[in-house]
Amino acid sequence: MIRVAINGYGNLGRGAQAAIEKNPDMELVVVFTRRDPASLDAHGVPVAHIDQMPDWVDAVDVCLNCGGSATDLAEQGPQAAAYFNTVDSFDTHAKIPAYYASVDAAAKESGKLALISTGWDPGLFSMLRVLGEAILPHGESTTFWGPGVSQGHSDALRRIDGVIDAKQYTLPVEETVDAVKRGDEVTLTTRSMHKRDCYVVAEEGADRDRIEREIVQMPHYFADYDTTVTFISAQELADQHSGMPHGGVVIRRGATSEGVWANANFELQLGSNPEFTGSVLVAMARAVARMAARGECGARTVFDVTLADLSALDADTLRAHYL
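**A closer look at the layout of surface pockets**
In this structure, the second largest pocket encloses a volume near 320 Å³. If you trace the second largest pocket, you find 13 residues lining it, with E140, G183, D184, E185 and R253 closest to the centre. Only β7 (139-145) and α6 (174-182) provide two or more residues apiece to the lining of the second largest pocket. If one sorts the elements of the lining of the second largest pocket by residue count, β7 sits on top with three residues. Here the lining of the second largest pocket is composed, by residue class, of five nonpolar, four polar and four charged.

Quick look at the structure:
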């Protein structure tokens, strides 16, 4: 059995727990939290404060860091890598190189293996972008996200002073998607590809103009997009925006010879973004356990993971039934 810990018990942590329960080669042994452990019900799983991580070193094979990328993981990633092999879903693309370096240093010092930026993008979509370009080197890769709720962007909204709760929807610009699939000559920009819709519950008396300005000017998240901010009540958010759907598509269009084109598309439609992302983290945890058992340490990305390490099946079964 692969003994798994979850660090952070929000939407993603609960999604990871649901995924662990579907994998018979894994067991969830502890949930770490910054809150009072007595206040958290993890459905029968022991709960410990993050300061107690050293007490669990010998009981955990892989720790899933389930905090948000906006502020949590920059601290959480290196901290957990000091004690455990880890997996996380850090998704601020522009900051991945710096984050990789910080986690790599911590993991190498402790002799642990840390797999960063998994999930579906970055993660599965990253793998498909590399695969598409490797197979069709003469061409272009295009990624569209949505329509759906972005956990990382919603978390960034909730960190703004005066915001009680919020949901952010990423919406692809359909005209641009259709043009790319047809192979039309189209100039792709951040703004021409996606829109962002934000639904915000503000504190009573909060400066809504300031909150909106902070949102639309936030670098890496909203500044480069056409962003709409709508202030609603907590009840409206609960009634109309309680789900966590998402999805997206990677399109690789390339020429195999002069005038002969191929399209390779990888598309996801997700009823629950955190549950699917948690499922990816759990599969990656299996790979990390196997890679660590072979003596690997330091930081890794999905580009270093093989399908054989991800699968619960043995090599003979994979060759006989999946090849």
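**Here we look at the pattern of salt bridges**
Within this structure, the stated rule accounts for 15 salt bridges. The residue D104 makes a salt bridge to K108 at a minimum N-O spacing of 3.1 Å. One end of the pair is D104 and the other is K108, both in helix α3 (residues 96-110) and four residues apart, which spans about a single turn. Judged by relative accessible area, D104 falls into the buried class, the value being 13%. A relative accessible area of 52% places K108 in the exposed class. Note that E296 is salt-bridged to R294, the shortest N-O span being 3.9 Å.

**A closer look at the pairing of strand β1 (residues 2-7)**
Among the six residues in β1, five count as buried, and that is most of the element. As for the winding sense of the linkage, the β-α-β connection from β1 through helix α1 (residues 11-20) to strand β2 (residues 26-33) is right-handed. Pairing of β1 with strand β4 (residues 62-65), which is carried by four bridges, proceeds in the parallel orientation. In the sheet register, A5 faces β4, and the bridge partner there is C63.

**A closer look at the sheet that holds strand β9 (residues 163-172)**
Strands sit in the order β8-β9-β10-β11 across an open sheet of four strands; the sheet is mixed. Both outer strands of the open sheet, β8 (148-149) and β11 (226-231), are each paired with one neighbouring strand and no more. Pairing geometry for β9 and strand β10 (residues 194-202), over nine bridges, is antiparallel. Its bridge partner being in β10, A166 is matched across the sheet by V200. The strands touched by helix α8 (residues 208-216) within the sheet are β9, β10 and β11, with β11 carrying the most contacts at an inclination of about 150 degrees.

**Some thoughts on the sheet that holds strand β5 (residues 85-88)**
The seven strands are arranged β3-β2-β1-β4-β5-β6-β14 in an open sheet whose pairing can be described as parallel. Each end of this open sheet is capped by a strand with a single partner; those strands are β3 (47-49) and β14 (298-300). For this sheet, the mean angle separating the axes of adjacent strands, direction not counted, is 25 degrees. Inspection of the sheet shows β5 paired to strand β6 (residues 113-115) by two bridges, in the parallel sense. Opposite V87, over in β6, you have L115 as the bridge partner. Seen against the sheet, helix α2 (residues 72-81) touches β1, β4, β5 and β6 and runs at an angle of roughly 175 degrees to β4.

**Observations concerning the nonpolar core**
In terms of nonpolar packing, the biggest core is built from 33 residues, with I6, I20, V31, V62, L64, V87 and M284 touching the most fellow members. Those elements that provide at least two residues to this core are β1, α1, β2, β4, β6 and α10 (273-293). Examining the composition of this core, we find that nine residues originate from one element, α10, more than from any other. The contacts of V62, once residues within four sequence positions are left out, are I2, R3, V4, A5, N85, T86, V87, A285, V288 and A289.

**Details of helix α4 (residues 124-135)**
One turn of an α-helix holds 3.6 residues; hence residues three or four places apart share an orientation. The end-to-end C-alpha distance of α4, which contains twelve residues, comes to 17 Å, matching closely the 16 Å that a straight helix rising 1.5 Å per residue would cover. The set of residues buried in α4 consists of L124, F125, S126 and G132. Contact partners of the buried residues in α4: β7, β12 (246-257), β13 (260-270) and α10.

**Here's the deal with the environment of E204**
Looking at the secondary structure, you find E204 in the loop between β10 and α8. We classify E204 as exposed; its relative accessible area is 85%.

**Re the packing of α2 against α3**
Axis separation between α2 and α3 bottoms out at 8 Å; the angle between their running directions is 20 degrees. On the basis of their axis angle, the class for α2 and α3 is roughly parallel. The handedness of the crossing between α2 and α3 is right-handed. Contacts between α2 and α3 pair L73, A74, G77, P78 and A81 from the former with Y99, S102, V103, A106, A107 and S110 from the latter.

What counts and what doesn't
Residues numbered from 1 in each chain as written. Predicted model: local features only at pLDDT ≥ 70, side-chain atom pairs only at ≥ 80, totals over all residues. Heavy atoms only, no water. 1 Å grid on protein atoms, 1.4 Å probe; cavity = no way out; pocket = protein on both sides within 12 Å on 5 of 7 lines; lining within 4 Å. Points joined across faces, edges and corners; volume = space filled by probe spheres on them. Helix = DSSP H or I, 4+ residues; strand = E, 2+ residues; numbered from the N terminus. Nonpolar A, V, L, I, M, F, W, Y, C, P; charged D, E, K, R; others polar. Salt bridge = Lys/Arg side-chain N within 4 Å of Asp/Glu carboxyl O. Buried < 20%, exposed > 50% of the residue type's maximum accessible area, 1.4 Å probe, protein only. Right-handed = clockwise from strand over helix to strand, strands pointing away. Pairing = 2+ DSSP bridges. Contact = heavy atoms within 4.5 Å. Axes fitted to C-alpha atoms, helices over the stretch in contact; angles between N-to-C directions. Core = buried A, V, L, I, M, F, W, Y, C linked by side-chain atoms within 4.5 Å. Expected span 1.5 Å × (residues − 1). Parallel < 35°, antiparallel > 145°, perpendicular 65-115°, else oblique. Left-handed = near helix turned anticlockwise from the far one by under 90°.

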